[in-house]
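Architecture and fold: a report
One-letter residues, chain by chain:
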Amino acid sequence: MIYIAILTVAMLIAGVGAYFFRDLIAAVVACAAVSLIASVLFYLLQAPDVAMAEAAIGAGLTTAIFVIAIRKTGRYEK
Amino acid sequence: MRAFVSFSVLALIVVGLALSLSHIPFGNSTANTDRMHVAKYYLNNGVKDTGAPNLVTAVVLDYRALDTLGEVTVLFIASLGLGIFLSWPKKEGSEDDDKRGLPPASLIVRRGSQFLFPLILLFGGYIFLHGHLTPGGGFQGGSVIASAFLLMFLGNTGYRLRQKTLAVTESLAGITFVIIGLIGLGVGGYFLNNFLPKGSVFALFSAGVIPILYAAIGLKVGAELAGIVANMFGSGSEG
Amino acid sequence: MTALWLLFLSFSAAGIALCLVRAAAGPTTPDRVVGVDGMATISIALMVLLASFFDRQVYLDVALVYAVLGFIGVLAVARYMERGV
């Protein structure tokens, strides 16, 4: 139970970071951290199907698609 | 000011949701109406009805298979919209993007991606073919397959996918899904009826049509997501 | 046995927290990427050991997915850094 609380706090920290970073690559990395911790939390709550979906989508695809979109637009938030 | 307004609206929505949901007895079977009735039915009869030990698969592809068809269609529409948006004809004078050579990846990344590509494809196939036995299924396996193509795009500059192959794969998988549903309608009386023999539980070829449907969904999702990735890589850049 | 599990859980929690500190404070983007990647590695170990804890072999597939795909995001950011995407 304490473990879930620790992981939730870590996820909140990463989410707040994703909101406040001006460097969008750092924000994307924070999003990847949120997805990772969400996957571990689903796993701890005994939902391996959802954890696997979160892992498969969040590990590579979203990060890469965001990075390509940043390459096509601009790196720093104005 | 704008941030404050949006935060207060969000807080209002959260408080309203919490207030309206607070007196619903989720999972409380001692209340006068049993809200876990359906869940209990699935837990007790799921394996007997569908032959799939993974009850999530039993719900997704047997009890609620029509919703899954809708889900796959939503993903198809998203992929189609992105494809149309990114293949919009560009203005004159902006066509030198492709000639601007990208630096090639290092030898380790190049060879490593080529070595890992078939293995990751095999892993994705394993995930969606064992969807009725282990966690995972068509959506997860499809995203793993799309990740393999993403790895090839990242490791090899100038790697291209033929959009026509992707489109044919995706269409064949979707047609397979609908045809199996129609055969079920003809044999058993309702759409996506599980008409094949269930087999023995925990065997690979068991659970009737569920492995076939999951293979179709896996190929369809994989082709759609790989198409999204190919579209993102294929269009020019400005950064 | 319980003490061993407690030790392992506290170690992995400490590892995740330290990696998160590096990822949050890291002055440059590569620092953050390496922090999140270390977090992913510790999480894979956590998932494998929890599969043993829950006594379910099929749960290992989740850890396998993360182990196979976890490096692709890092590779994407690295290719961005060398302007290769």
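Residues numbered from 1 in each chain as written. Chains lettered and ligands numbered in written order. Predicted model: local features only at pLDDT ≥ 70, side-chain atom pairs only at ≥ 80, totals over all residues. Heavy atoms only, no water.

Interfaces are often sized by the amount of accessible area the parts lose when they come together. On the side of chain A, 33 residues touch chain C, which itself brings 34 residues to the contact. Together, the buried faces of chain C and chain A total about 3,100 Å²; carbon and sulfur atoms form 77% of this surface. Counting the contacts that link chain C with chain A gives zero salt bridges. Of all the elements in the fold, those that place two or more residues in the side of chain C that touches chain A are α1 (2-25), α2 (29-54) and α3 (60-81) of chain C. When its residues are assigned to classes, the side of chain C that touches chain A shows 25 nonpolar, five polar and four charged. (Contact = heavy atoms within 4.5 Å. Buried area = accessible area lost by both parts, 1.4 Å probe. Salt bridge = Lys/Arg side-chain N within 4 Å of Asp/Glu carboxyl O. Helix = DSSP H or I, 4+ residues; strand = E, 2+ residues; numbered from the N terminus. Nonpolar A, V, L, I, M, F, W, Y, C, P; charged D, E, K, R; others polar.)

This part takes up the packing of aromatic side chains. With the rule as written, the count across this model stands at 12 aromatic pairs over all chains. Residues A:Tyr43 and C:Tyr59 carry aromatic rings whose centres are separated by 5.6 Å and whose planes lie at 65° to one another, so their mutual orientation is edge-to-face. Of this pair, A:Tyr43 sits in helix α2 (residues 24-44) while C:Tyr59 sits in the loop between α2 and α3, each in a different chain. The exposure class of A:Tyr43 is buried, given its relative accessible area of 1%. Taking the relative accessible area as the measure of exposure, C:Tyr59 reaches 5% and is therefore buried. Centre to centre, the rings of C:Phe54 and C:Tyr59 are 6.0 Å apart; their planes meet at 80°, and the pair counts as edge-to-face. Note on accessibility: C:Phe54 and C:Tyr59 belong to one class, buried. Taken together, A:Tyr43, C:Trp5, C:Phe8, C:Phe53, C:Phe54 and C:Tyr59 form an aromatic cluster joined through their ring pairs. (Phe/Tyr/Trp six-rings, centres within 6.5 Å; stacked < 30°, edge-to-face > 60°. Buried < 20%, exposed > 50% of the residue type's maximum accessible area, 1.4 Å probe, protein only.)

Okay, the pattern of salt bridges next. In the structure shown here, the tally under the stated rule is three salt bridges over all chains. Among the ionic pairs, A:Asp23 bridges to A:Arg75, the shortest N-O distance being 2.9 Å. In this pair, A:Asp23 is assigned in the loop between α1 (2-20) and α2 and A:Arg75 in the segment after α3 (48-72), connecting sequence segments 52 residues apart. As a salt-bridge pair, C:Glu82 and C:Arg79 come within 2.5 Å of each other at their nearest N and O atoms. With relative accessibility at 2%, the residue C:Arg79 sits in the buried group.

On to the packing of helix α5 (residues 107-129) of chain B against helix α6 (residues 138-155) of chain B, then. All names here are of chain B. At a closest axis distance of 8 Å, the pairing of α5 and α6 adopts a crossing angle of 170°. Between α5 and α6, the angle falls in the class roughly antiparallel. Mapping the contact onto sequence places Val109, Arg110, Ser113, Gln114, Leu116, Phe117, Ile120, Leu121, Phe123, Gly124, Ile127 and Phe128 in α5 and Gly138, Gln140, Gly141, Val144, Ile145, Ala148, Phe149, Leu151, Met152 and Gly155 in α6. For the contact of α5 with α6, a count of residues per class yields 14 nonpolar, seven polar and one charged. (Axes fitted to C-alpha atoms, helices over the stretch in contact; angles between N-to-C directions. Parallel < 35°, antiparallel > 145°, perpendicular 65-115°, else oblique.)

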